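Each chain, written out:
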Amino acid sequence: MRSESRQTSSAGSALCRCWLLLLLVLAPSISLTGCGGCSQQTPTEQAAERKARELKEIEEAKRKLEEERKSKPFIVGHLTPLLSENLIEAEAGVSLRLAKPGHWATTVQPMKANLGDFEGRVTIAAVDARGNPLAIPHTSYEMTSSRPAVLAKGISKRVENELLIPSDAEKLNVSSELVNATGSIADLPSTEPWTLMPSHQYFLMVLAREPARYAFLKVTDSVQGPYEDVNGSEQPHYRVVLADGNKPLPLPPNVLTWTSVAYVVWDEVNLDQLDPAQREALVDWIHWGGRLMINGPDSLDALRGSFLKEYLPADAGERTTFDQNALEEFSTGWGTRVDGKPTAAISVTRPWSGVELQPRAGAKALPFADKLFYERSVGAGSIVVSAVQLAERDLVNWPGFDGFLNGALLRRPPREFSVEDDGAWTGLQTRWVGAHDRVRDAYFTTPLRWFARDAATSANVRSVSEPVNGLQNQQLGYPMGQPYAEMTLKPDRAGGLGEWNEFGPVADAGRNALVEAAGVRVPGASFVVICLAIYLVVLVPLNWMVFYALGRVEWAWVSAPLIALAGTFAVVRQAQLDIGFVRSQTEIAVMELQGDLPRGHLTRFTAIYSSLSDTYDLEFENSSAVASPFPRDDRWNPAIGDVLSTVAFEKYDQPRLRGVEVSSATTQMIHSEQMLPLDGPIRLSSQSNNPRLLQVDNESGFDLTDVAIVFRDGSTAVKRAASESSAEVQRESWSKLKGFWIGDLKSGDGKLLQKLEPLLVAEGELPFADERAAANKLASSEPLNVDPLLRLAFWFPQLDDPIHGARDEYRLIGRINKVLPGNVVSPAASQSTGSSVVIAHLRLGEAATAEPDRNSPRDVQPAGRKNAYEEPPAEDSPAEEQEQ
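For clarity, every value in this text was computed on a predicted model and none was experimentally measured.

**Focus: the overall build of the protein chain**
Logical step 1: For the protein chain, the count of helices and strands is 18 helices and 39 strands.
Logical step 2: Relative to its full complement of 884 residues, the protein chain shows a buried share of 47%.
Logical step 3: Counted over contacts in the protein chain with a minimum sequence separation of 6, partners at least 24 positions apart contribute 75%.
Logical step 4: Put simply, the protein chain shows about 42,500 Å² of open surface, and 53% of that area lies on carbon and sulfur atoms.

So this is what it looks like as structure tokens:
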């Protein structure tokens, strides 16, 4: 029994030990899963836990990266054109960095100093592949742009600058360097590639509280301009920039860097996000042709007391709705096609919310859109306002919307669509009605016009035949001896309209006038005779008479040598001034005014002459000023090995062009532009008791001479034939003008306009040549010859300009016979002369009536093509900015 008991006890003990060992082995898993696995995680919980771990790892990586960045003395971001800052490249996640050739661009670059406060400057430049600044064509200069960079420790700052984009660059690289008093803070300046926009392409800016609502604009035919050229490429008419209206807006503070902006859409923008400079620039941009499209229901109330209040076409009334019946005329009118089927009517899924518009004086309803859309001219530009939401889904999805967008909102000429089929469908082709050879002409894609840059210019892209060399012939399979040419595209102007073109018609006319005015003049025979006569009179009779009266005739012999020395000094001094032997400054300028705006666009062509080598700086009083060296002709180019001088365009307390080197006995020219504030406008008004009696009032603060008022009836505009020269077109257009000669018009004066008579212009003469010659005879001094510029001042847009060519216009043309203020040259010149031509667009008539397209894409496209507007890009898509 005892033995059995011991065996049983031993077996039980062994069993217990086995259970204890099993419990020890399973204890970790029990502790993880809980009792009996009752707390085991679900797959969703496990995924959430993994996601949390990943986020924690990402945050830890960001923290380490930020610590590493803080250990660097400076953090300098990408240099970006401000206008394209919101256009994001999907793959790289950075701005597309778009800029137009030959245009000034405002740039922005984020910076931060980590170790302490910093005070220095940022220098940027357009550079070649080796990082050297590009030469200004046909000059001995290269140019950089510089701006102060004052950084507080640990605080990020966006530093803005202004850069002139070279017009002749095929590829563009831009360098940026942060420097202080001791030199560069980096081993080498950072250099990044920028993308050059085609000559016909411009920005369409959308400023909205919900900018993603306007993403549909990017896929419209009005923006895309579908057309396959000889190279098989398609280039959109516009780059659509979607900017949040509640954040700092990508709008330059200087209107002279807005030249690449064609249109602006405004929808519930926070006015606090615009500083005074941006507001002034927007107003100036509109006056020079820009078109502002305002979403009325959400914006008019806020704009009622704003800086735009005096320019609005209408005020907002009561809230209302628009149903199918209210939209019938609009739908029928803009759905009609001359050469195609009528577009389906708008389908109103539910009444549209909107406001009752109360039009102001001077406002006009868009065709077929009474009570829905009103527009009003503002200088050369316009503002259009809507009673309904511009992004209304039913409106956007309507097949006729793109025709309305093109003809009414953008105010462009009608189009016709086709599909070219050479065995395979090549896609939709878009052409302008009556102008098939101007598919990519900037005159159709931007309404902006600057007289000094765009008058009498062409801005088309043409197909030209260029010979191919022998090696290319062989590669293409042609015999070596057989000539071969291929078609290629060549723009008239790389930057289209608004380009800073040193060889455009106005620049050439300014150069010709400046060369004549600033040339060295040898004293004439009369100068020698007069000086000799004065010397002899003083030396003999006057000298003797003075000492005879004093009773000391013998002293006359003593004074004779002194008189000879004084006479020699006077003659030399007068001769120097006459031939420009000392420093001299000559300025020829054009000042353009729009409507009642008390600011003018002043373009200066300045010549600096020095008898000895010297370095000059030009400082401007207005922050809008931009400047660069101006070539004497288009033939001179630096030879191999020539060292170029560097000029710096600086934006410090005042803009300045620094470091202009002038060699001994040579003349250097400078081209500058700025917006010049005036005491008031030059205004054309009607008499209250007789509306047909007009009066012009000069409130500018400048006395005008040789003033003429010219009227052009837009219905008499002519169209230039391919075989006609510019001079022939000008003579034909002058014959249709009417004018009235005023003569002098001092500041504060007004003159009633008598009957306007047809201009009778003799061959080779300017209008009012006889009156101008008579006025010059009465002048105290002979004015500078500015006839080349006056000839252009009488130039009016013709039917070649599809947007402004048919507008009536009252224009004042005059001159100011002095150097205008706002520009200081140092060292100062001992002799300064100048003359400015004034062109005031007193009153512009309405633009041509907006028209529907000739046909629609649905008339020519294969069946089954999906409406591009039915599925706009997703609002949160990171690639929506790259769809162009």
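Picking up where we left off.
**Regarding the nonpolar core**
Logical step 1: In terms of nonpolar packing, the biggest core is built from 116 residues, with Leu204, Tyr214, Trp266, Leu308, Phe330 and Phe373 touching the most fellow members.
Logical step 2: The biggest single contributor to this core is strand S11 (residues 202-208), with seven residues.
Logical step 3: When neighbours within four sequence positions are excluded, Tyr214 is seen to be in contact with Val206, Ala208, Leu242, Val265, Asp267, Asn295, Leu390 and Ala391.

**Focus: the sheet that holds strand S35 (residues 750-752)**
Logical step 1: Strand order in the open sheet made by the three strands is S31-S32-S35, with antiparallel pairing throughout. What marks the edges here is a single partner per strand, and that holds for strand S31 (682-686) and S35. Sheet twist, expressed as the average angle between the axes of neighbouring strands with direction ignored, equals 20 degrees.
Logical step 2: Summarising the sheet, S31 and strand S32 (residues 694-698) pair through five bridges and their orientation is antiparallel. Looking across to S32, one finds that Ile682 is bridged to Asn698.

**Brief notes about the packing of aromatic side chains**
The description of an aromatic ring pair uses the distance of the two centres, along with the angle that the planes make with each other.
Logical step 1: Scanning the model with the defined rule gives 19 aromatic pairs in all.
Logical step 2: Three or more aromatic residues joined by ring pairs make a cluster, and in this case those are Phe330, Trp334, Phe368, Phe373, Trp398 and Phe404.
Logical step 3: A cation over a ring is seen here: Lys100 above Tyr202, with NZ or CZ 4.2 Å from the ring centre.
Logical step 4: Its guanidinium or amino end placed over the ring of Phe796, Arg811 lies 3.9 Å from that ring's centre, counting from NZ or CZ.

**Things to note about helix H5 (residues 296-303)**
Logical step 1: When we look at burial in H5, the residues that qualify are Gly296, Pro297, Ser299, Leu300 and Leu303.
Logical step 2: Packing partners of the buried residues in H5 comprise strand S13 (261-267), strand S14 (291-294), strand S15 (314-322), strand S16 (352-359) and strand S19 (381-386).

**Side note on the sheet that holds S11**
Logical step 1: The strand order across the open sheet built from seven strands is S12-S11-S13-S14-S19-S18-S17, with neighbouring strands paired in mixed fashion. Edge positions in the sheet fall to strand S12 (238-244) and strand S17 (364-365), since each has one partner strand and no second.
Logical step 2: Inspection of the sheet shows S14 paired to S19 by four bridges, in the parallel sense. The partner of Leu292 across the bridge, within S19, is Ile383.
Logical step 3: In the packing of helix H4 (residues 276-287) onto the sheet, contacts are made with S13, S14, strand S18 (373-378) and S19, and the angle to S13 comes to roughly 120 degrees.

**Description of empty space enclosed by the protein**
Logical step 1: Per the counting criterion, the structure on display carries four cavities of 30 Å³ or more.
Logical step 2: In terms of lining, the largest cavity is formed by 19 residues, of which the most central are Arg449, Pro797, His804, Arg811 and His841.
Logical step 3: Breaking the lining of the largest cavity down by element, the ones donating at least two residues are helix H10 (451-454), strand S24 (584-594), strand S37 (809-816) and strand S39 (831-844).
Logical step 4: When the residues that make up the lining of the largest cavity are grouped by side-chain class, the tally is eight nonpolar, three polar and eight charged.
Logical step 5: Considered as a void within the structure, the second largest cavity measures approximately 110 Å³ in volume.
Logical step 6: Considering the residues around the second largest cavity, the lining is formed by Leu204, Tyr214, Phe216, Leu217, Val265, Met293, Leu390, Phe401, Leu405, Leu409 and Leu410.
Logical step 7: Among the elements that take part in the lining of the second largest cavity, helix H8 (residues 401-409) stands out by supplying three residues, more than any other.
Logical step 8: The residue inventory of the lining of the second largest cavity, partitioned by class, reads eleven nonpolar, no polar and no charged.

**Examining the side chain of Thr603**
Logical step 1: You can see Thr603 is positioned in strand S25 (residues 599-610).
Logical step 2: Leaving out residues up to four positions away in the same chain, Thr603 has contacts with Ala452, Ile588, Ala589, Val590, His671, Ser672 and Glu673.

**So, the side chain of Lys651**
Logical step 1: With respect to the helices and strands, the residue Lys651 is situated in strand S28 (residues 645-651).
Logical step 2: Looking at Lys651, its side chain comes within polar contact range of the main-chain oxygen of Ser623, at 2.5 Å.
Logical step 3: Non-local contacts of Lys651, meaning those with residues more than four positions away in its chain, are made with Ser146, Arg147, Pro148, Glu162, Ser623 and Ala625.

**As for a nonpolar patch on the surface**
Logical step 1: Residues Leu542, Val546 and Leu550 make up a contiguous nonpolar surface patch of about 270 Å² in total accessible area.
Logical step 2: Residue placement: Leu542 occurs in helix H13 (residues 525-550).
Logical step 3: Here Leu542 falls in the partly exposed class, since its relative accessible area comes to 43%.

**Looking at unusual backbone geometry**
Logical step 1: Following Ser826, the chain continues to Pro827 via a peptide bond in cis, the omega torsion being 0 degrees.
Logical step 2: Here Pro827 shows up in the loop between strand S38 (823-826) and S39.
Logical step 3: Of note, the phi angle at His138 is positive, near 65 degrees, even though the residue is not glycine.
Logical step 4: Tracing the backbone shows His138 in the loop between strand S5 (118-127) and strand S6 (141-151).
Logical step 5: Even without glycine at this site, Lys371 takes up a positive phi of about 75 degrees.
Logical step 6: Mapped onto the elements of the fold, Lys371 is located in the loop between S17 and S18.
Logical step 7: When its relative accessible area of 56% is taken as the criterion, Lys371 is described as exposed.

**Structural notes on a negative patch on the surface**
Logical step 1: On the surface, Glu516, Glu765, Asp770, Glu771 and Asp787 cluster together to form a negatively charged patch.
Logical step 2: Secondary-structure assignment places Glu771 in helix H16 (residues 769-778).
Logical step 3: Exposure remark for Glu771: the relative accessible area of 32% places this residue in the partly exposed category.

Each value, and the rule that gives it
Residues numbered from 1 in each chain as written. Predicted model: local features only at pLDDT ≥ 70, side-chain atom pairs only at ≥ 80, totals over all residues. Heavy atoms only, no water. Helix = DSSP H or I, 4+ residues; strand = E, 2+ residues; numbered from the N terminus. Buried < 20%, exposed > 50% of the residue type's maximum accessible area, 1.4 Å probe, protein only. Contact = heavy atoms within 4.5 Å. Areas by Shrake-Rupley, 256 points an atom, 1.4 Å probe, with all protein chains shown as cover. Core = buried A, V, L, I, M, F, W, Y, C linked by side-chain atoms within 4.5 Å. Pairing = 2+ DSSP bridges. Axes fitted to C-alpha atoms, helices over the stretch in contact; angles between N-to-C directions. Phe/Tyr/Trp six-rings, centres within 6.5 Å; stacked < 30°, edge-to-face > 60°. Lys NZ or Arg CZ within 6 Å of the ring centre and 35° of its normal. 1 Å grid on protein atoms, 1.4 Å probe; cavity = no way out; pocket = protein on both sides within 12 Å on 5 of 7 lines; lining within 4 Å. Points joined across faces, edges and corners; volume = space filled by probe spheres on them. Nonpolar A, V, L, I, M, F, W, Y, C, P; charged D, E, K, R; others polar. Polar contact = N/O pair within 3.5 Å; in protein donor to acceptor, adjacent residues only side chain to side chain. Patch = residues over 30% accessible without salt bridge, like charges linked within 9 Å, V, L, I, M, F, W, Y side chains within 5 Å. Salt bridge = Lys/Arg side-chain N within 4 Å of Asp/Glu carboxyl O. Lys, Arg positive; Asp, Glu negative; His and termini not counted. Charge placed at Lys NZ, Arg CZ, Asp CG, Glu CD.

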